[in-house]
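# Fold and contact review
Chain residues, written in single-letter form:
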Amino acid sequence: MIAELAGAPSAALLGVLGLLVGSFLNVVIHRLPRMMERQWAAECAEHHDGAEVPAGERYDLVVPRSRCPHCGHGIRWFENIPVASYVALRGRCSACGASIGMRYPVVELVTGAFFAWCGWQWGLSLVALFWCGFAAAVLALAAIDWDTTLLPDDLTLPLLWAGLVGSALGITGVRLDDAVWGAAAGYVSLWSVYWAFKLITGKEGMGYGDFKLFAAFGAWFGWQALVPIILMASVIGAVVGIAIKFRGELREGGYVPFGPFLALGGLTAMVFGPGAILAAVGL
């Protein structure tokens, strides 16, 4: 009981922090793919013309200010309070009345829930902050991949290195050798599946971002966790993919991104442990 009381204030504080971080994640989810596309376009133009491309209007995670995509109304600070502003505005732009997507409050609430869980589990500690960072990065990656089929290196590679550093510092509870082998096995296993599928069918079944995300999970949880994580991701991905196909909502090319389901496996392993996944499926 004492431990529960001690965990409640930490959970509340980190939960509020999670709401704020979730609001920022909405910016990351929307802007990071567009930043990547601008960078690619600039690099292609520079390579094609052989000349440096002049810098255009600044566009990053800070500038320009958030605006309504329908009317261009600048979002004021009191219209950007996580969840509360969405409720107060009834899910509509204050200027033009256009609908605001439900994803914004959902991302904020889910992020807040994961942060609160970390606070309850580990209190206000470096361990809790490390796992909060893990949850935030994985949530952002899942949403970006669902929207664009991209898993940006700007998120997957820091996540991988953070897992290795956390292991070396004793934060994740995974031995460093297990983390290193987990990262290697995670990458190589999906890389092998990718090439086997491509050689047999002539098609690409997944992207390199999936290899890096799975490698990151190997670094955070150790090589022993890779089987339960990939098992859960594959089963849920297959079920959702079949449901989408029957509803006739498959995207052009008939594919479903694998990253969101891989992310779900990683988040489940964080909360319940890899062993619980195997137990849930009777293994």
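In the block above lies the structure referred to throughout.
Keep in mind that what you see is a predicted model, and the values were worked out from it rather than measured. (Residues numbered from 1 in each chain as written. Predicted model: local features only at pLDDT ≥ 70, side-chain atom pairs only at ≥ 80, totals over all residues. Heavy atoms only, no water.)

## Re a nonpolar patch on the surface
On the surface, a nonpolar cluster with roughly 650 Å² of combined accessible area is contributed by Val 188, Trp 191, Trp 195, Leu 199, Ile 200 and Tyr 208. Ranked by residue count, the leading element in the nonpolar patch is helix H6 (residues 176-201), at five residues. (Patch = residues over 30% accessible without salt bridge, like charges linked within 9 Å, V, L, I, M, F, W, Y side chains within 5 Å. Areas by Shrake-Rupley, 256 points an atom, 1.4 Å probe, with all protein chains shown as cover. Salt bridge = Lys/Arg side-chain N within 4 Å of Asp/Glu carboxyl O. Helix = DSSP H or I, 4+ residues; strand = E, 2+ residues; numbered from the N terminus.)

## Things to note about the side chain of Thr 172
As for its position among the elements, Thr 172 is in the loop between helix H5 (153-168) and H6. Under the relative-accessibility criterion, Thr 172 is labelled buried at 12%. (Buried < 20%, exposed > 50% of the residue type's maximum accessible area, 1.4 Å probe, protein only.)

## Looking at the packing of helix H4 (residues 126-148) against H5
Interaxial distance between H4 and H5 falls to 10 Å at its minimum, and their mutual angle equals 155°. For the element pair H4 / H5, the angle class is roughly antiparallel. Of the two elements, H4 crosses H5, and the hand of that crossing is left-handed. Across from Phe 130, Phe 134, Ala 137, Val 138, Ala 140, Leu 141 and Ile 144 in H4, the residues of H5 making contact are Leu 155, Thr 156, Leu 159, Ala 162 and Gly 166. Grouping the amino acids of the contact of H4 with H5 by side-chain chemistry returns 10 nonpolar, two polar and no charged. (Axes fitted to C-alpha atoms, helices over the stretch in contact; angles between N-to-C directions. Parallel < 35°, antiparallel > 145°, perpendicular 65-115°, else oblique. Left-handed = near helix turned anticlockwise from the far one by under 90°. Contact = heavy atoms within 4.5 Å. Nonpolar A, V, L, I, M, F, W, Y, C, P; charged D, E, K, R; others polar.)

## As for the packing of aromatic side chains
Each pair of aromatic rings is reported with the distance of its centres and the angle of its planes. Taken as a whole and judged by the stated rule, the model has 17 aromatic pairs. Here Trp 117 and Trp 122 contribute two aromatic rings whose centre-to-centre distance is 5.3 Å and whose plane-to-plane angle is 90°, an arrangement assigned as edge-to-face. Its relative accessible area of 29% is what places Trp 122 among the partly exposed residues. By way of ring pairs, the aromatic residues Trp 117, Trp 122, Phe 130, Trp 131, Phe 134, Phe 217, Trp 220 and Phe 221 are connected into one cluster. Sitting over the ring of Tyr 59, Arg 31 keeps its end group 5.5 Å from the ring centre. Positioned over the ring face of Tyr 59 is Arg 38, at 4.5 Å from the centre of the ring. (Phe/Tyr/Trp six-rings, centres within 6.5 Å; stacked < 30°, edge-to-face > 60°. Lys NZ or Arg CZ within 6 Å of the ring centre and 35° of its normal.)

## Brief notes about H4
What sets the pattern is the α-helix's 3.6 residues per turn: residues three or four places apart point alike. End to end, H4 covers 33 Å across 23 residues, agreeing with the expected 33 Å (1.5 Å per residue, within 8%). Downstream of H4 by one or two residues, Thr 149 has phi in the positive range, about 60°. (Expected span 1.5 Å × (residues − 1).)

## Thoughts on the layout of surface pockets
To find the voids left in a structure, one rolls a probe of water-molecule size over its atoms. Empty space within the largest pocket amounts to approximately 950 Å³. In terms of lining residues, the largest pocket is bounded by 38 residues, among which Ser 66, Arg 67, Pro 69, Ile 100 and Tyr 104 are the most central. Of all the secondary-structure elements, those providing two or more residues to the lining of the largest pocket are helix H1 (2-49), helix H2 (84-88), helix H3 (103-122) and H4. Ranked by the residues each element gives to the lining of the largest pocket, the list is headed by H1, at eight residues. (1 Å grid on protein atoms, 1.4 Å probe; cavity = no way out; pocket = protein on both sides within 12 Å on 5 of 7 lines; lining within 4 Å. Points joined across faces, edges and corners; volume = space filled by probe spheres on them.)

## With respect to the pattern of salt bridges
Oppositely charged side chains can pair when the atoms bearing their charge come close. Inspection of the entire model under this criterion finds six salt bridges. Between Arg 76 and Glu 79 there is a salt bridge, and its shortest N-O distance comes to 2.7 Å. For Arg 76, a relative accessible area of 35% translates into the label partly exposed. Taking the relative accessible area as the measure of exposure, Glu 79 reaches 10% and is therefore buried. Here Asp 153 and Lys 212 are joined by a salt bridge, their closest N and O atoms 2.7 Å apart. Note that Asp 153 is positioned in helix H5 and Lys 212 in helix H7 (residues 208-221), a separation of 59 residues in sequence.

## What about unusual backbone geometry?
Geometrically, the link from Val 63 to Pro 64 is a cis peptide bond, its omega value of 0° lying close to zero. Relative to the helices and strands, Pro 64 is located in the loop between H1 and H2. Located in the positive-phi region is Val 83, a residue other than glycine, with phi close to 65°. Positionally, Val 83 belongs in the loop between H1 and H2.

## Some remarks on the environment of Gly 112
Inspection of the secondary structure assignment puts Gly 112 in helix H3. For Gly 112, a relative accessible area of 8% gives the class buried. In the structure, Gly 112 is positioned 96 residues away from Val 16 in sequence and 6.4 Å away in space, judged by C-alpha atoms. When sequence neighbours within four positions are dropped, the list of residues in contact with Gly 112 reads Gly 15, Gly 18 and Leu 19.

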